[in-house]
Amino acid sequence: MKQHMKVLLVGSGGREHAMAWKLAQSPNLEKLYVAPGNAGIAQVATCVDIAADNVDALLAFATRERIDLTVVGPEVPLMKGIADRFQAAGLAIFGPSARAARIEGSKAFSKEIMTRYGVPTAGAWAFTDPDQAKARLARLSPPYVIKADGLAAGKGVVIAETLDEANQAIDDMMVERVFGDAGGKVVIEEFLDGEEASFLVFTDGETIVPMVSAQDHKRVFDGDRGPNTGGMGAYSPAPVMTPELEKRALEQAMRPVVDGMRADGMPFQGILYAGLMIKDGAFKVLEFNARFGDPETQPILMRLDSDLLAIFDAAAHGRLTPDLVRWSDAAAVCVVLASAGYPETASKGCVITGLDKAAAYEGVTVFHAGTARDGKNIVTAGGRVLGVTARAADIQGAIDRAYNAVGQIHCEGMHYRRDIGAKAARHGH
Ligand code: AMP
Ligand code: GLY
């Protein structure tokens, strides 16, 4: 690979801070720009004031600065065709084309792909007419699963306990358009019971290299209660994801999708993320994402022992090989600290203290998400604020380290779950 690389990373969340932190350790990095970044990212890279979805401005910047490789964190620029635009301009980019990213961008398309390539998944029906959707619901039994077809910032899935609630969700999405055009079409899905895990792979469109497993905590409160969020914490490895299941998920989900999409003229290059539901040793795919997960990336990258830039660069050039990806046997846990009111609202401008004390704990890195600098202070600037992430020999050690560090951080109204990683213990780890 090229040495002295100039890299542009797109995004501003905890995921991107973890990516920037890891990229900054690469011996082949000369300069790292992040657009737009956040207050934590500014400590390891140069932040550029361009929004993550402003593809025109990103392309102009990358051209002007002669960026060697651009890496895309979030899904929105991918769906907007950032990879297509950069490639057309002769610029190397890590991330799928707009067509391929529809595996995340349209739930109906994703289902079609899974059915076509024989990937185990829940039965589903797509509707553009609210009355037909309701008629289908009336023939099912609770709980009901209703999904807005398009992107809704992780909030487009409703699990309804009653038919009234389910019909209301249809009206909200299709008539009131609470998610805008994303709700023009809805998918009604068979409810799946079990334990979830996140399984991600790097791929250059042909070669697939798996990452270590992780588990997200989507609900806002302890014990998986309360509304869904973008993710309140994550840990890796997820013991529910046994080596046997990992092998099957590679063979029955990742391989058929990567091969199928290539054969169908929409090769997928980037990170393919499968959200799995696991029950009695078998899995079904709940969803595919076209990017790293947030907050799964934080613990996953803490366990990566090789050069992330070399992996991205190889994948972007169709030269990915398994030897580039080496994992540590350690465990890692990320506890998300959210601002008052999250997920409904997000308070801004609250001063955060204790960050240095927290980061001084052995094995701990504090990744920033919604933070900003205000003079000498770091203040809240979004819903998910920080991801306190710790690495240790085993999950319990990582949990203890992460929560000790969390105890040092103060900010009015900030809240977090106290049970991140607890599910791992139930598997006897
Ligand atoms: P998705 O964005 O499709 O992953 O859905 C968000 C969350 O809703 C998932 O992480 C699950 O917790 C839940 N969910 C989605 N689909 C189903 C389903 N078919 N059965 C049960 N829970 C589901
Ligand atoms: N943590 C879930 C996601 O990134 O989609």
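Up top is the structure.
Residues numbered from 1 in each chain as written. Chains lettered and ligands numbered in written order. Predicted model: local features only at pLDDT ≥ 70, side-chain atom pairs only at ≥ 80, totals over all residues. Heavy atoms only, no water.

Peer 1: Please explain the overall build of the protein chain as it appears in this structure.
Peer 2: A count of helices and strands for the protein chain gives 14 helices and 23 strands. Against the compact-globule benchmark of 22 Å for 429 residues, the protein chain has a radius of gyration of 21 Å, which places it among compact chains. Projected onto the principal axes, the alpha-carbon positions of the protein chain cover approximately 60 × 45 × 40 Å. Looking at the protein chain as a whole, 57% of its 429 residues are labelled buried. When contacts within the protein chain are restricted to residue pairs at least 6 apart in sequence, long-range pairs at least 24 apart make up 69% of them. (Helix = DSSP H or I, 4+ residues; strand = E, 2+ residues; numbered from the N terminus. Rg over C-alpha atoms; globule rule 2.2 N^0.38 Å. Buried < 20%, exposed > 50% of the residue type's maximum accessible area, 1.4 Å probe, protein only. Contact = heavy atoms within 4.5 Å.)

Peer 1: Even after reading the chapter, I still don't get the packing of helix 7 (residues 130–138) against helix 8 (residues 163–175), so can you show me in this structure?
Peer 2: Two quantities define a packed helix pair, namely the angle between the helix axes and the distance between the axes. Contact pair helix 7 / helix 8: the axes reach a minimum separation of 10 Å and the direction vectors enclose 160°. Classified by the angle their axes make, helix 7 and helix 8 are roughly antiparallel. Here helix 7 and helix 8 pass one another in a crossing that is right-handed. For the pair helix 7 and helix 8, contact is made by Pro130, Ala133, Lys134, Leu137 and Ala138 and by Leu163, Ala166, Asn167, Ile170, Asp171, Met174 and Val175, respectively. (Axes fitted to C-alpha atoms, helices over the stretch in contact; angles between N-to-C directions. Parallel < 35°, antiparallel > 145°, perpendicular 65-115°, else oblique. Left-handed = near helix turned anticlockwise from the far one by under 90°.)

Peer 1: It is not clear to me how the pattern of salt bridges should be interpreted in this structure. Could you clarify?
Peer 2: Taken as a whole and judged by the stated rule, the model has 25 salt bridges. Arg417 is the partner of Asp224 in a salt bridge, and the nearest nitrogen-oxygen pair spans 3.1 Å. A residue pair is termed long-range when its members are at least 10 positions apart, and Asp224 in the loop between strand 13 (219–221) and strand 14 (225–228) and Arg417 in the loop between helix 13 (395–406) and helix 14 (422–426) qualify at 193 residues. Salt-bridge contacts for Arg248 lead to Glu244; the nearest nitrogen and oxygen are separated by 3.3 Å. Separated by 4 residues within a single helix, Arg248 and Glu244 lie in helix 9 (residues 243–263), roughly one turn from each other. By relative accessible area, Arg248 is classed as partly exposed at 24%. The class of Glu244 is partly exposed, set by a relative accessible area of 42%. One network of salt bridges, in which partners are shared, links Asp224, Arg417, Asp419 and Lys423. (Salt bridge = Lys/Arg side-chain N within 4 Å of Asp/Glu carboxyl O.)

Peer 1: Where do I start with the site of ligand 2 in this structure?
Peer 2: Taken together, Asp216, Gly230, Tyr273, Asn289, Arg291, Gly293, Asp294, Pro295 and Glu296 make up the full set of residues adjacent to ligand 2. Between ligand 2 and the protein, one listed contact pairs a nitrogen atom with a side-chain N or O atom of Asp216 at 2.8 Å. Grouping the constituent residues of the shell around ligand 2 by class yields 2 nonpolar, 3 polar and 4 charged. (Near = heavy atom within 4 Å. Polar contact = N/O pair within 3.5 Å; in protein donor to acceptor, adjacent residues only side chain to side chain. Nonpolar A, V, L, I, M, F, W, Y, C, P; charged D, E, K, R; others polar.)

Peer 1: Looking at this model, I keep getting lost on the site of ligand 1. Mind explaining?
Peer 2: Within the structure, ligand 1 sits among 14 residues, and Glu189, Glu190, Leu192, Glu196 and Glu287 are positioned closest to it. Between a nitrogen atom of ligand 1 and a main-chain N or O atom of Leu192, the distance comes to 2.8 Å. Summarising the interface, the protein chains cover 92% of the accessible area of ligand 1, which totals 470 Å² for the free molecule. Elements that contribute at least two residues to the shell around ligand 1 include exactly strand 7 (144–148), strand 8 (157–160) and strand 17 (282–289). Looking at side-chain class alone, the shell around ligand 1 contains 7 nonpolar, no polar and 7 charged residues. (Areas by Shrake-Rupley, 256 points an atom, 1.4 Å probe, with all protein chains shown as cover.)

Peer 1: Even after reading the chapter, I still don't get helix 1 (residues 14–23), so can you show me in this structure?
Peer 2: Every α-helix winds through 3.6 residues per turn, so residues three or four apart in the chain are directed the same way. Of all 10 residues in helix 1, 9 are buried; the element is thus mostly enclosed. Along helix 1, the positions that sit buried rather than exposed are Gly14, Arg15, Glu16, His17, Ala18, Met19, Ala20, Lys22 and Leu23.

Peer 1: Sorry, what's going on with the sheet that holds strand 4 (residues 69–72) here?
Peer 2: The strands making up a sheet associate through hydrogen bonds between their backbones, and the pairing can be parallel or antiparallel. Within the open sheet, the 5 strands sit side by side as 3-2-1-4-5. Their pairing is parallel. Both outer strands of the open sheet, strand 3 (46–47) and strand 5 (93–94), are each paired with one neighbouring strand and no more. Alignment of strand 1 (residues 5–11) against strand 2 (residues 29–36), held across 7 bridges, turns out to be parallel. Along strand 2, the bridge assignment pairs Leu8 with Tyr33. Contacting strand 1, strand 2 and strand 4, helix 2 (residues 55–64) runs over the sheet at an angle of about 170° to strand 1. Contacts between helix 11 (residues 308–316) and the sheet are confined to strand 1, strand 2, strand 4 and strand 5, with strand 4 contributing the most and set at about 100° to the helix. (Pairing = 2+ DSSP bridges.)

Peer 1: I'm lost on the side chain of Thr229 in this one. Help?
Peer 2: Its place among the elements puts Thr229 in the loop between strand 14 and strand 15 (233–236). The buried category is assigned to Thr229, whose relative accessible area is 3%. Engagement of the side chain of Thr229 in a polar contact is seen with the backbone nitrogen of Gly231, the distance being 2.8 Å. Residues contacting Thr229, with those up to four places away along its chain left out, are His217, Lys218, Arg219, Val220, Tyr342 and Pro343.

Peer 1: Explain the packing of aromatic side chains here, please?
Peer 2: Note on aromatic pairs: each is described by the distance of the centres and the angle between the planes. According to the stated counting rule, one finds 6 aromatic pairs in the structure shown. The interplanar angle of 80° and the centroid separation of 5.4 Å between the aromatic rings of Trp21 and Phe367 together place this pair among those described as edge-to-face. Within this pair, whereas Trp21 is found in helix 1, its partner Phe367 is found in strand 20 (residues 364–368), the two being separated by 346 residues in sequence. Since its relative accessible area comes to 0%, Phe367 is described here as buried. (Phe/Tyr/Trp six-rings, centres within 6.5 Å; stacked < 30°, edge-to-face > 60°.)

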